[in-house]
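The residues making up each chain are set out below.
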Amino acid sequence: MTIPMALVDYIPVLMFLIAAVILRRDLYKSMSKGAFALFSAGTITVFVAGFYKATWKLLYAAGVCDFTSLNKSFFPMQTTGFVLAALGMLALLCHKQGNENKLNSVAIIPVLGILLTAAAPAEYSGTMIFVMLMVLGVLVLDVGLIIISARHKQTLAAVIYGISFVFVMGMGYLSSKDFEQASMNWIAEFTNVLGQGTFLLATWMLHKKAFAENK
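Residues numbered from 1 in each chain as written. Predicted model: local features only at pLDDT ≥ 70, side-chain atom pairs only at ≥ 80, totals over all residues. Heavy atoms only, no water.

1. What to know about the overall build of the protein
Here is the rule: By the criteria applied, helices consist of DSSP H or I runs no shorter than four residues and strands consist of E runs no shorter than two, each listed in order from the N terminus. Only heavy atoms matter for contacts: two residues are in contact if any of them lie within 4.5 Å across the pair. Throughout, the Shrake-Rupley method with a 1.4 Å probe supplies accessible areas, and for residues the shown protein chains are the sole cover considered.
The helix and strand tally for the protein stands at nine helices and zero strands. Helices (α) and strands (β) of the protein occur, in sequence order from the N terminus, as α-α-α-α-α-α-α-α-α. Considering only residue pairs separated by 6 or more positions, the protein has 75% of its internal contacts joining residues 24 or more positions apart. Accessible surface computed for the protein: about 11,300 Å², of which carbon and sulfur atoms make up 69%.

Below you can see the structure in the form of structure tokens.
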């Protein structure tokens, strides 16, 4: 691991942060307070997890220290963040602000069980549950954004959100490979940048075409 490689790791983290801020601003009026709280907490947690991981890489590459806690906290934090964001997205799609439809609220309650499972210690739940929950969280988040894009007739943004999901899943696949090789690290970094770059691009397109023009 080198310092340039560690610095590149901050790029997708910042891309996700920018996209998340734009989405929170654009979707605020459409969300109930609970949905917005879940979505905000989730996206902030994902950002912090990525920032921790990138900082661990930088400290390690620079020879400062091996702050393993930053690395070990990444996976459970990111998983929990995506699950929270997914719950917020589900709440947005099922229970919009001002809608007191109790059936929609009740329909979301079983999903809360997933969040509780995500919070379980790794020694009890194992790694696979985190993988499953992260995939589920990213899937629900991206599908929700695809639906929102379709509602606003932003087909291209919807397609790019789908492409972003593919890159994120590709990053998950690469994480299981041998990262002792520098080439694999760079491939993973490039895939991660593409995943978050397309996510940011789709979010910006949706913002400009659907939300900015309506303000």
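The rest of the description comes next.
2. Quick notes on helix α3 (residues 33-61)
Operational definition: In this analysis, the expected span of each helix is defined as 1.5 Å times one less than the number of residues it contains.
The end-to-end C-alpha distance of α3, which contains 29 residues, comes to 42 Å, matching closely the 42 Å that a straight helix rising 1.5 Å per residue would cover. Taken from the residues just after α3, Gly 63 is the one with a positive phi, measuring 75°.

3. Side note on the confidence of the model for the protein
The cut-off we apply is this: A score from 0 to 100, pLDDT tells how confident the predictor is in each residue.
Residues of the protein with pLDDT of at least 70 account for 78%, and the chain-wide mean is 82. The secondary structure element of the protein with the lowest average pLDDT is helix α6 (residues 102-118), at 46, and the one with the highest is helix α2 (residues 10-27), at 96. This model gives residues 99-110 a pLDDT under 50, and the stretch forms nine contacts once residues within four places in sequence are excluded. In the predicted structure, residues 116-125 sits below a pLDDT of 50 and forms ten contacts with residues beyond four places in sequence or in another chain.

4. Focus: a nonpolar patch on the surface
This is how it is decided: Patch criteria: residues need more than 30% relative accessible area and no salt bridge. Like-charged residues are merged within 9 Å; nonpolar side chains of Val, Leu, Ile, Met, Phe, Trp and Tyr are merged within 5 Å. In the sections that follow, a salt bridge refers to a side-chain nitrogen of Lys or Arg positioned within 4 Å of a carboxyl oxygen of Asp or Glu.
On the surface, Met 128, Val 131, Met 132 and Val 135 cluster together into a nonpolar patch covering about 350 Å² of accessible area. Relative to the assigned elements, Val 135 resides in helix α7 (residues 122-151).

5. As for the packing of α2 against α3
Using the following cut-off: Helix axes use the C-alpha atoms of the stretch in contact, all axes being lines fitted to C-alpha atoms, and the angles between their N-to-C directions lie in the range 0 to 180 degrees. In what follows, roughly perpendicular refers to angles from 65 to 115 degrees, roughly parallel to angles under 35, roughly antiparallel to angles over 145, and oblique to any angle outside these ranges. The hand of a helix crossing depends on one turn: near helix anticlockwise from the far one by less than a right angle means left-handed, and clockwise means right-handed. All residues other than Ala, Val, Leu, Ile, Met, Phe, Trp, Tyr, Cys, Pro, Asp, Glu, Lys and Arg, Gly among them, are scored as polar; the first ten of these are nonpolar and the last four charged.
One way to put it is that α2 packs onto α3 with a least axis distance of 9 Å and a crossing angle of 165°. Relative to α3, the element α2 lies roughly antiparallel. Considering only the axes of α2 and α3, their crossing is left-handed. Side by side, α2 and α3 meet where Tyr 10, Val 13, Phe 16, Leu 17, Ala 20, Leu 23 and Arg 24 of the first sit next to Phe 36, Phe 39, Ser 40, Thr 43, Ile 44, Val 46, Phe 47, Gly 50, Phe 51, Ala 54, Thr 55 and Leu 58 of the second. Along the lines of polarity and charge, the residues of the contact of α2 with α3 split into 14 nonpolar, four polar and one charged.

6. Digging into the packing of α3 against helix α5 (residues 74-94)
Across the interface, α3 lies against α5 with an axial gap of 7 Å and an inter-helix angle of 155°. Here α5 runs roughly antiparallel to α3, going by the angle between their axes. For the element pair α3 and α5, the recorded crossing hand is left-handed.

7. Considering the packing of aromatic side chains
Inclusion rule: Paired rings are identified among Phe, Tyr and Trp, the last through its six-membered ring, by centres lying within 6.5 Å, and are further divided according to the angle between planes into stacked (under 30 degrees), edge-to-face (over 60) and tilted (the rest). Between buried and exposed lies partly exposed: a residue is buried under 20% and exposed over 50% of the maximum accessible area for its type, with that area taken using a 1.4 Å probe on protein chains only.
Under the defined criterion, the tally for this structure stands at seven aromatic pairs. Geometrically, the ring pair formed by Tyr 161 and Phe 199 is edge-to-face, given 5.6 Å between the ring centres and 70° between the ring planes. With Tyr 161 in helix α8 (residues 155-174) and Phe 199 in helix α9 (residues 182-211), the pair connects residues that are 38 residues apart, well separated along the chain. In this structure Tyr 161 comes out as buried when scored by relative accessible area, which is 0%. Each residue in the set Phe 16, Phe 82, Tyr 161 and Phe 199 is aromatic and connected to the rest through ring pairs, giving one cluster.

8. Some thoughts on the pattern of salt bridges
Oppositely charged side chains may form a pair once their charged atoms are brought near each other. All chains considered together, the criterion is met by two salt bridges. The partner of Asp 9 in a salt bridge is Lys 57, with the nearest N and O atoms 3.4 Å apart. Of the two residues, Asp 9 is situated in the loop between α1 (3-8) and α2 and Lys 57 in helix α3; the sequence distance between them amounts to 48 residues. Neither residue differs from the other here; Asp 9 and Lys 57 are each classed as buried. Between Glu 189 and Lys 57 there is a salt bridge; the shortest N-O distance is 3.3 Å. Here Glu 189 is found in helix α9, whereas its partner Lys 57 is found in helix α3, with 132 residues between them in sequence. This pair shows no difference in class: Glu 189 is buried, exactly as Lys 57 is. Residues joined in a network through salt bridges with shared partners are Asp 9, Lys 57 and Glu 189.

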